[in-house]
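Descriptive structure summary
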Amino acid sequence: MSVIFDRVALIGLGLIAGSMAHAMREGGLAREITGFARSAATRDTAREIGLCDRVCDSVTDAVTDADLIVLAVPVGAMGDVAARIAPHLKPGAIITDVGSVKQDVIDTVGPHLPAHVHFIPGHPLAGTEHSGPKAGFASLFRNRWWLLTPLPDTDQDALDRLNRLLVAMGAKTDRMEAGHHDLVLAVTSHAPHLIAYTMVGVADHLRRVTDEEVIQYSAAGFRDFTRIAASDPTMWRDVFLHNREATLDILGRFTEELFMLQRAIRMGDGQQLHDYFTRTRAIRRGIIDAGQDTDAPDFGRTPGARGS
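Bear in mind the structure is a predicted one, so any value in this text is a computation, not a measurement.

Remarks on helix H6 (residues 156-168)
Along its 13 residues, H6 runs 18 Å from first to last C-alpha, staying within 8% of the 18 Å computed at 1.5 Å per residue. Buried residues of H6: Ala-158, Leu-159, Leu-162, Asn-163, Leu-165, Leu-166 and Ala-168, and no others. Here H6 starts with a cap whose side-chain oxygen sits 3.2 Å from the backbone nitrogen of Asp-157, and that cap is Asp-155. The positive-phi residue at the C-terminal boundary of H6 is Gly-170, with phi of around 105°.

Laid out in structure tokens, this is it:
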């Protein structure tokens, strides 16, 4: 592969940015990678493991002369970061982000950026429950979707160039309107995370009654809930606060479905339960057929396994 960007600046050095650094190095996609994290401890760790060519102690140093700037900080912090770096962005630079919410990022980041740069919001549908600069790995994005939500006046050459980088890192890309993205992700990610957090919270309360039996005898379903609920709390706090309407809409629909199932159980309506579970089972097969998971019984649970 050939170099796509001379200098890439990663702002925030967690799982996604770290995985981007590894993937770009593996593919020789950037001549230089600079990085910045708000925490001095995170910057020190990134230096120790050689995550970037240069880890800077100021965000302005990191973005100076960068051709691509990636905002990999919690959604609630992106507006402030954009305001700080705006005067230091070189003409023609591409600014993207990796936030799980898109319309709010557009509303908070866009107004700070100068007219001479290209802002192309994005969201990789990849991750693990791990965080921090040591969590990243080069294969995280392989065969995973990376959604882009370009603005109506987005420069086509800049969009194509960013797209080439994402594909070169192994991702599959698609484009989507920002509001639609937020609704889709409320179904596929945000509401499921909130449900997982809630179920683990219920179990945490119950284990005090059962003398740790809930933890000791966890079945696969609950283990999957705990894996999801182990995700970065700061990131998920911001996701729910900044995608409030779509998440509440989906949670309302979920509550209606739950009440329906609750009534079927109470009434002993086995046929309704069987029909419902048959329909929902097909969704799992669709995910496997789309290559977004495998039907291996221990996927994501084997020692050392890294999946999304």
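Read on for the rest.
Considering the layout of surface pockets
The space that makes up the second largest pocket amounts to roughly 160 Å³. If you trace the second largest pocket, you find it lined by Gly-110, Leu-113, Pro-114, Val-117, His-118, Phe-119, Leu-151, Asp-153, Thr-154 and Asp-155. Taken together, the residues of the lining of the second largest pocket break down into 5 nonpolar, 3 polar and 2 charged.

Quick word on the packing of aromatic side chains
For the coordinates displayed, the defined rule picks out 3 aromatic pairs. Between Phe-141 and Trp-146, the aromatic rings sit 5.0 Å apart at their centres with planes inclined by 50°, giving tilted as the arrangement. Note on accessibility: Phe-141 and Trp-146 belong to one class, buried. For the ring pair Tyr-276 and Phe-277, a centre distance of 6.3 Å and an interplane angle of 80° mean the geometry is edge-to-face. Exposure remark for Tyr-276: the relative accessible area of 14% places this residue in the buried category. A relative accessible area of 46% places Phe-277 in the partly exposed class.

Observations concerning the sheet that holds strand E9 (residues 172-175)
Reading across from one edge, E7-E8-E9 is the order of the 3 strands in this open sheet, with mixed pairing throughout. Because the sheet does not close on itself, it has two edges, and the strands there are strand E7 (122-124) and E9. Neighbour-to-neighbour, the strand axes of this sheet turn through a mean angle of 20°, independent of strand direction. Bridging between E7 and strand E8 (residues 145-148) involves 3 bridges; their strand directions are antiparallel. For Pro-124, the partnering residue across the bridge sits in E8 and is Trp-146. Of the strands in this sheet, E8 and E9 are in contact with H6, which crosses E9 at around 150°.

Here's the deal with the confidence of the model for the protein chain
Residues of the protein chain with pLDDT of at least 70 account for 90%, and the chain-wide mean is 88. When the criterion is pLDDT under 50, residues 299-308 qualifies, and its contacts beyond four places in sequence or with other chains add up to 18 contacts.

Points about the pairing of strand E1 (residues 5-11)
For E1, the tally of buried residues reaches 5 of 7 residues, placing the bulk of the element in the interior. Direction of pairing for E1 relative to strand E2 (residues 30-36): parallel, over a ladder of 6 bridges. Of the residues in E2, the one forming a bridge with Val-8 is Ile-33. Looking at chain direction, E1 and strand E4 (residues 68-71) are connected through 4 bridges and run parallel. Within the sheet, the bridge partner assigned to Ile-11 lies in E4 and is Leu-71.

Comments concerning the nonpolar core
Among the nonpolar cores identified, the biggest contains 41 residues, and Leu-10, Met-20, Met-24, Trp-146 and Met-169 are the most heavily contacted of them. Per-element tally for this core: the top contributor is helix H1 (residues 15-27), with 7 residues. Leave out the neighbours within four places in its chain, and Met-24 touches Val-8, Leu-10, Leu-29, Ala-30, Ile-33, Leu-165 and Met-169. Ala-62, Val-63, Ile-69 and Val-81 belong to the second-largest nonpolar core, a separate cluster that totals 30 residues.

Some details on the pairing of E9
Alignment of E8 against E9, held across 4 bridges, turns out to be parallel. Each residue of the ladder has a partner; that of Leu-148, found in E9, is Arg-175.

Regarding the sheet that holds strand E6 (residues 118-119)
Taken in spatial order, the 6 strands line up as E3-E2-E1-E4-E5-E6 in an open sheet, and their pairing is parallel. Looking at which strands have only one partner, the edges of the open sheet turn out to be strand E3 (54-55) and E6. In this structure, E2 lies alongside E3, joined through 2 bridges in parallel fashion. Residue pairing in the sheet places Thr-34 in a bridge with Arg-54 of E3.

About the criteria used
- Residues numbered from 1 in each chain as written.
- Predicted model: local features only at pLDDT ≥ 70, side-chain atom pairs only at ≥ 80, totals over all residues.
- Heavy atoms only, no water.
- Helix = DSSP H or I, 4+ residues; strand = E, 2+ residues; numbered from the N terminus.
- Expected span 1.5 Å × (residues − 1).
- Buried < 20%, exposed > 50% of the residue type's maximum accessible area, 1.4 Å probe, protein only.
- Polar contact = N/O pair within 3.5 Å; in protein donor to acceptor, adjacent residues only side chain to side chain.
- 1 Å grid on protein atoms, 1.4 Å probe; cavity = no way out; pocket = protein on both sides within 12 Å on 5 of 7 lines; lining within 4 Å.
- Points joined across faces, edges and corners; volume = space filled by probe spheres on them.
- Nonpolar A, V, L, I, M, F, W, Y, C, P; charged D, E, K, R; others polar.
- Phe/Tyr/Trp six-rings, centres within 6.5 Å; stacked < 30°, edge-to-face > 60°.
- Pairing = 2+ DSSP bridges.
- Axes fitted to C-alpha atoms, helices over the stretch in contact; angles between N-to-C directions.
- Contact = heavy atoms within 4.5 Å.
- pLDDT = per-residue confidence, 0-100.
- Core = buried A, V, L, I, M, F, W, Y, C linked by side-chain atoms within 4.5 Å.

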